[in-house]
Amino acid sequence: QVQLVESGGGLVQAGGSLRLSCAASGRTFSSYAMGWFRQAPGKEREFVAAISWSGGGTDYADSVRGRFTIARDNAKNTVALQMNSLKPEDTAVYYCAGRNSFYPGLYYLRTDEYDTWGQGTQVTVSS
């Protein structure tokens, strides 16, 4: 079983950048498809970005496409979310999620497709 721990959140001004990192424990991380989700106060958790276990497949929510980049390092058991040109509406708790995946290029977009979650890290973007 993989356990996930996020880091890198904080307070940043609009237009700034942050890099979130998700560290995974467990020997099966390299077969885990990974995703980033976020949840703002009073709102449902929403998809941000996803990556297949091979790293060859990625997808983004329309609201972050072109500003955020997801990447993974299977040798280091980490997945990162580089966030540029941040906006106040990006303010949320960001969660790392994972699930075992047989297919190297497959990624997942829904919260109910993941069975492993981190504790979340707060990102606040001031205007």
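Just above, that's the structure.
Note that the coordinates shown come from a computational prediction; the quantities given were computed from them, not determined experimentally.

**Student:** I tried to follow the overall build of the protein chain on my own but got confused; where do I start?
**Tutor:** Helix and strand counts for the protein chain stand at zero helices and 11 strands. The order of helices and strands in the protein chain, counted from the N terminus, is β-β-β-β-β-β-β-β-β-β-β. C-alpha atoms of the protein chain, sized along the principal axes, occupy 40 × 25 × 25 Å. When the 127 residues of the protein chain are sorted by exposure, 43% land in the buried category. Approximately 6400 Å² of the protein chain is accessible, and the part contributed by carbon and sulfur atoms is 49%. With 12 positive and 11 negative side-chain charges, the protein chain shows a spacing of 5 Å between the two charge centroids.

**Student:** In this structure, what is going on with unusual backbone geometry? I would like to understand it.
**Tutor:** With the exception of glycine, most residues fall at negative phi, and the peptide bonds are largely trans. The phi angle at Asn77 is positive, at roughly 55°, despite the residue not being glycine. Inspection of the secondary structure assignment puts Asn77 in the loop between strand E7 (68-73) and strand E8 (78-83).

**Student:** What is the right way to read the pattern of salt bridges from this model?
**Tutor:** Close approach of charged atoms lets side chains of opposite charge pair. This structure, assessed with the given rule, holds seven salt bridges. Between Asp112 and Arg110 there is a salt bridge, with its nearest N and O atoms 2.9 Å apart. When its relative accessible area of 59% is taken as the criterion, Asp112 is described as exposed. Among the ionic pairs, Arg110 bridges to Glu113, the shortest N-O distance being 3.7 Å.

Reading the values: the criteria
Counting of residues starts from 1 at the beginning of each chain's written sequence and follows it residue by residue. In view of the model being predicted, local features appear only for residues whose pLDDT reaches at least 70, and side-chain atom pairs are presented and counted only at 80 or more, with totals across whole chains, interfaces and linings using the full set of residues. Values shown for side chains rest on all heavy atoms present in the structure; no hydrogens or waters enter the calculation. Note on conventions: DSSP H or I runs of at least 4 residues are helices, E runs of at least 2 residues are strands, and numbering of each starts at the N terminus. A 1.4 Å probe rolled over the protein chains alone gives each residue an accessible area, and that area as a share of the maximum for its type sets the label: buried under 20%, exposed over 50%, partly exposed in between. Areas reported as accessible are Shrake-Rupley estimates using a 1.4 Å probe. Residue values count occlusion only from the protein chains shown. When charges are counted, Lys and Arg are positive and Asp and Glu negative, with His and the chain ends excluded. To locate a charge, take NZ of a lysine, CZ of an arginine, CG of an aspartate or CD of a glutamate. Whenever a carboxyl oxygen of Asp or Glu lies within 4 Å of a side-chain nitrogen of Lys or Arg, that contact is scored as a salt bridge.

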